[in-house]
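Listed below, chain by chain, are the residues.
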Amino acid sequence: MSTITSDLLSILPYQQTSEQVRRDIALLMHQVWPEPSPPSMEGLVPEEHDPALDAFSCFIYRDNRLLSYAAVLHLTLTHAGQTFRMAALSCVATDPAYQRQGLSRLVVNAATRCIENSQSDIGLFTCDPSLALFYAKAGWPAALGVELIGSQDVGALSSKELGKVVVLRLLSQHAHGHATAFTNTCISLGLPLGQFV
Ligand SMILES: CC(C)(COP(=O)(O)OP(=O)(O)OC[C@H]1O[C@@H](n2cnc3c(N)ncnc32)[C@H](O)[C@@H]1OP(=O)(O)O)[C@@H](O)C(=O)NCCC(=O)NCCS
């Protein structure tokens, strides 16, 4: 495993990242989750995160190359008659040529510290079953019995239908005070159709 030093790690609001960083993020996303057409590297900078989600970006560069990325998204959700400030890990990815070197662990740890130091009531997101152990080791336990849906709308994405594991952590007193609302339940994110975490 190569040695990674923390001076390569940056953490800042996505909206404050440079055009180059945003292009590199879009390219990395396309590398690990290819879409039919690659992001344009000229003209308009591709927006990876909906500005409404107030994204924070944690990323590692080496020699001007973006190697690993994790975003923290923020939203407010209403569940069981209560309002909760929620943070989600999203877009966790490492350049395929640099995987299995501990890079995503570094960005996920940095993103986790961001969430822990924020005003969030809960941390909530989904992951592939094969990565549940990785997130559990990073402090993000799987919430068995919890289903996550994009919204109540017909056609909204759902953790069950996508075959994803829901990861949930209660962070604030407010959330702990309503802990039972987060067991054996379905949580709606209230997101526009097509969006999910
Ligand atoms: C998943 C991904 C981000 C891991 O990045 P990485 O930099 O290779 O991960 P790390 O080297 O930091 O490994 C961290 C841990 O995850 C484990 N891990 C890494 N890739 C894994 C995989 N594909 N399946 C299962 N475990 C994996 C490692 O063994 C390590 O565990 P350990 O600390 O117990 O040894 C990377 O493979 C990737 O970009 N995949 C495509 C995008 C994706 O699926 N993102 C996750 C969305 S939930």
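You'll find the structure just up there.
Below you will find a few notes about this structure.

**What about the site of the ligand?**
In step 1: Taken together, the neighbourhood of the ligand is formed by 18 residues, with Val92, Arg100, Ser104, Arg105 and Lys137 sitting nearest.
In step 2: Here Thr94 contributes a side-chain N or O atom positioned 2.8 Å from an oxygen atom of the ligand.
In step 3: Every element with two or more residues in the shell around the ligand is listed here: strand 4 (82-94), helix 2 (103-116) and helix 3 (132-137).
In step 4: Looking at side-chain class alone, the shell around the ligand contains nine nonpolar, six polar and three charged residues.

**Concerning the pattern of salt bridges**
In step 1: This structure, assessed with the given rule, holds eight salt bridges.
In step 2: Of the charged contacts in the structure, one is a salt bridge between Asp95 and Arg65, with a shortest N-O distance of 2.8 Å. With Asp95 in the loop between strand 4 and helix 2 and Arg65 in strand 3 (residues 65-79), this residue pair connects regions lying 30 residues apart in the sequence.
In step 3: The partner of Asp128 in a salt bridge is Lys164, and the shortest N-O contact between them spans 2.7 Å. Residue Asp128 is located in the loop between strand 5 (122-127) and helix 3, and its partner Lys164 is located in the loop between helix 4 (159-162) and strand 7 (165-170); the two are separated by 36 residues in the primary sequence.
In step 4: A network of salt bridges, in which partner residues are shared, links Arg113, Glu116 and Arg169.

**What about helix 2?**
In step 1: The end-to-end C-alpha separation of helix 2 is 20 Å, in line with the 20 Å expected for 14 residues at 1.5 Å each.
In step 2: Buried residues of helix 2: Leu103, Ser104, Val107, Val108, Ala110, Ala111, Thr112 and Ile115, and no others.
In step 3: Packing partners of the buried residues in helix 2 comprise strand 1 (9-13), strand 2 (56-62), strand 3, strand 4, helix 3 and strand 7.

**Looking at the nonpolar core**
In step 1: In terms of nonpolar packing, the biggest core is built from 57 residues, with Tyr69, Met86, Leu89, Leu124, Tyr135 and Leu189 touching the most fellow members.
In step 2: For this core, the leading source of residues is strand 3, giving nine residues.
In step 3: Setting aside residues up to four positions removed in sequence, Leu124 forms contacts with Leu77, Met86, Ala87, Ala88, Leu148, Val166, Val167, Leu168, Ile187, Leu189 and Val197.

About the cut-offs
Residues numbered from 1 in each chain as written. Predicted model: local features only at pLDDT ≥ 70, side-chain atom pairs only at ≥ 80, totals over all residues. Heavy atoms only, no water. Near = heavy atom within 4 Å. Polar contact = N/O pair within 3.5 Å; in protein donor to acceptor, adjacent residues only side chain to side chain. Helix = DSSP H or I, 4+ residues; strand = E, 2+ residues; numbered from the N terminus. Nonpolar A, V, L, I, M, F, W, Y, C, P; charged D, E, K, R; others polar. Salt bridge = Lys/Arg side-chain N within 4 Å of Asp/Glu carboxyl O. Expected span 1.5 Å × (residues − 1). Buried < 20%, exposed > 50% of the residue type's maximum accessible area, 1.4 Å probe, protein only. Contact = heavy atoms within 4.5 Å. Core = buried A, V, L, I, M, F, W, Y, C linked by side-chain atoms within 4.5 Å.

Such coordinate-based values are descriptive only and should not be taken to indicate function.
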